[in-house]
Each structure stands twice: as structure tokens, then as C-alpha cells.
Amino acid sequence: MMSERQPIIQARDVHFHYTPGRPVLKGITLDLGPGATAIVGQNGAGKSTFVRLLNGLLKPVEGQVLVAGVDTRQMTVAQLARTVGLVFQNPSDQLFKSRVLDEVMFGPLNLGFSAQEARERAEAALAELGLEGLEARNPYDLGLAERKLVTVASVLAMGTPVIILDEPTIAQDQVGVRQLGAIVDRLARAGRTVITITHDMEFVARHFQRVLVFQDGRVLADDTAEAIFAQPELLAAAGLQAPPITRLGQALGLPATVLTVEAFVEAVRAGEG
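Residues numbered from 1 in each chain as written. Predicted model: local features only at pLDDT ≥ 70, side-chain atom pairs only at ≥ 80, totals over all residues. Heavy atoms only, no water.

1. A word on the packing of aromatic side chains
Quick note on the threshold: Only Phe, Tyr and Trp rings are paired, with Trp represented by its six-membered ring, and only when their centres lie within 6.5 Å; those with planes under 30 degrees apart are stacked, over 60 edge-to-face, the remainder tilted. The rule is simple: take the accessible area with a 1.4 Å probe, protein chains only, and divide by the maximum for that residue type; under 20% is buried, over 50% is exposed, in between is partly exposed. In this analysis the charged atom, NZ for Lys or CZ for Arg, is taken to sit over a ring once it is within 6 Å of the ring centre and within 35 degrees of the ring normal.
A full pass over the atoms with the stated rule returns four aromatic pairs. Centre to centre, the rings of Phe16 and Tyr18 are 4.8 Å apart; their planes meet at 85°, and the pair counts as edge-to-face. A relative accessible area of 7% places Phe16 in the buried class. Here the basic side chain of Arg121 rests over the ring of Phe113, its NZ or CZ set 4.0 Å away from the ring centre.

2. Observations concerning the sheet that holds strand β10 (residues 218-224)
Hydrogen bonding along the main chain pairs the strands of a sheet, whether they run parallel or antiparallel. Just so we agree on the cut-off: Any two strands are treated as partners once DSSP identifies two or more bridges connecting them. Runs of E in the DSSP output that reach at least two residues are strands. Runs of H or I that reach at least four are helices, and both are numbered from the N terminus. Lines fitted to the C-alpha atoms define the axes, with helices restricted to the stretch that makes contact. Angles between their N-to-C directions range from 0 to 180 degrees. Contact between two residues is taken to exist if any of their heavy atoms lie within 4.5 Å; hydrogens are not considered.
With mixed pairing, six strands are arranged side by side in an open sheet as β6-β7-β8-β3-β9-β10. Among the strands making up the open sheet, the edge pair consists of β6 (84-87) and β10. Here the strands of the sheet are splayed against their neighbours by 15° on average, with no regard to which way each runs. Pairing of strand β7 (residues 162-166) with strand β8 (residues 193-197) involves five bridges; the strand directions are parallel. Paired with Ile164 across the two strands is Ile195, which belongs to β8. Against the sheet, helix α1 (residues 47-54) engages β3 (35-40), β6, β7, β8 and β9 (210-215), with an angle of about 150° to β8.

3. Description of the environment of Ser114
Put simply, the rule reads: Any pair of nitrogen or oxygen atoms within 3.5 Å is treated as a polar contact; in protein, a donor-acceptor pairing is required on top of that, and neighbouring residues in sequence qualify only through side-chain atoms on both sides.
Within the fold, Ser114 resides in the loop between α3 (100-110) and α4 (115-128). At 3.1 Å, the side chain of Ser114 and the backbone nitrogen of Glu117 are in polar contact.

4. Some words on the side chain of Glu167
Spelled out, the test is: In summary, the charge assignment counts Lys and Arg as positive and Asp and Glu as negative, without counting His or the chain termini. One speaks of a salt bridge when a side-chain nitrogen belonging to Lys or Arg is within 4 Å of a carboxyl oxygen belonging to Asp or Glu.
Within the secondary structure, Glu167 sits in the loop between β7 and α6 (174-189). For the buried residue Glu167, which engages in no salt bridge, the nearest side chain bearing the opposite charge is Lys47, 5.7 Å off. Residue contacts for Glu167: discarding those within four places in its chain leaves Gln89, Lys148, Ile197, Thr198 and His199.

5. Focus: the environment of Val87
For Val87, the position within the fold is in strand β6. Measuring from C-alpha to C-alpha, the distance between Val87 and Leu54 comes to 12 Å, with 33 residues separating the pair along the chain. Excluding anything up to four places from it in sequence, Val87 contacts Gln94, Thr151, Val152, Val155, Ile164, Leu165 and Asp166.

6. Quick look at the pattern of salt bridges
Using the criterion set out here, one finds ten salt bridges in the structure. Between Arg186 and Glu128 there is a salt bridge, with the nearest N and O atoms lying 2.7 Å from each other. With Arg186 in helix α6 and Glu128 in helix α4, this residue pair connects regions lying 58 residues apart in the sequence.

7. A look at α6
Side chains of residues three or four places apart in an α-helix project in the same direction, reflecting 3.6 residues per turn. For clarity, the threshold we go by: The span one expects for a helix is its residue count, reduced by one, times 1.5 Å. This arc corresponds to the set of directions leading from the helix axis out to the C-beta atoms.
The terminal C-alpha atoms of α6, which comprises 16 residues, lie 22 Å apart, in line with the 22 Å expected from a rise of 1.5 Å per residue. Listed in full, the buried residues belonging to α6 are Gly176, Leu180, Gly181, Ile183, Val184, Leu187 and Ala188. Down the axis of α6, the buried side of the element spans an arc of 160°, and every buried residue falls inside it. Seen from the open side of α6, the exposed residues pointing more than 90 degrees away from its buried face are Gln174, Arg178 and Arg189. Elements in contact with the buried residues of α6: β3, α4, α5 (144-156), β7, β8 and α7 (201-207). After α6 finishes, the residue Gly191 shows a positive phi value of roughly 85°.

What follows is the structure, given as C-alpha cells:
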């Protein structure tokens, strides 16, 4: 059993390859607990491979991944789905029902919820994402942005302690990004573990307290968003850039690293005073 102080996910010297002799992950050791954590890095850094180890789709070649204190090698994907919900980058890899409501109800039903409770959970998740009125639509009749939100709703409805979002803001307009950010904030405040892979540094800066920088299958840095974005050399080494508002603040010589427009305006006003 996992103790109360033990992180819900523990990776210990994790190595993985798809083809022998071509390592993808090279000794990842880290703990993941309640709160919002962003995983950033260039394509090919090992981010998506790593999160697929967390829900059992992949198993380590060497090392160990523990979820709620249990080695993932000892659990099936279905068993891990009770703890870890993963939203794929491409919604076509996840959607398979002919109605939106059935798609979102599928997870709760498979976790053993009654049909009534599964429907209530699905409707609440769809409402939170602004998808009311689409319950009877075929997901593949929707645009990419809405299909992506349907997959997010399907995981939210399951109520798993861990929620992994792979590139959630792809194709989203400002309304969609704000909705996703509000969900991340709500889940983190509720003590859930939210893990996001993203290239959207503004989304990271606004909603994620912890940032893991992956490079070439290793963790290059693990710190707060403020600390990570205060290091241009580190970001350049990983092929990344801080959000534009952060870089503007740095160019103007603001004493603190600003992560949002609101923080920038406040810092400028403080300097004028």
C-alpha cells in the first residue's frame, strides 16, 4: 500500500527503447505528486514515451515505475486506468464511439459506475468544457478542437487521481485554452496530480507550478516555472523559449521573472512607483 507521504508516481532509473541500441529514455528518476506539472522539450525528447509508461501502455526496459506504490509491470492497463487517465495528443487515437455522450460515459462505466452516475459524470464533464448540446453528435463530425475536448471530458468523467494531458491546447482558440487552464487549476487545487506535455509555454507559465525539461531522454531540469523561464541558456539548450511576455520583461530588465501579462503590468507599475 502507498503511504500518505509517498508520491503517487515514482520513476526509478527508468530506461526504455523501442529498438535495442536506440535508447529513448536514459535513466529517468523522479516523483510526481499532487499539483500541476508540465513536461516540456523538443520533439523526440522522450516526453510522450515517458507518460505512456505511467499508464502501463509501455513497460520499462530497465528500472521501475510505481503507481500508488505498485510496480506497473504487475498491473494491466485496465487496472492502471483506475488511477491514471491519459488524453492522447491525437484524438483519433482515442475516440471510437458513434455518439459523444457514449464516448464520455465509456470510462466511468468501465470503472463500475452505474449508468445513471456515468451519465451524470459525462454531462458534467461536457458542460465544464463547453460542449453542451453535442451529446448526440458523432465525434468525427466535430472539428479537431472539439474532438480534443471530448477526449479530455472522457478522462475527467472517470475522476482518476492522475490526469495526463498530451498537448491539450492544440487547435484550441482562446476560449478553449482558458477552459483547459481553469480545469488544470481546479484539479490541482483539489489535490489531484495533473501532468501535461505541451509546447505552449504561455499555458505552462500561467497554470503549472512545476516544470520538467526533457532533453535526449533525460531530465535536464526540474524546477518551478519561474525558475525555469529565468534561464535562457537552459531553455536554448532544450530548444525552447520563455513566453513572449517573460522575454519582454527580461529585455526591460525587470527584477523578477514575470510569467503573465498581469504580472508584467504589476511589475511595471511597481517600478514606476
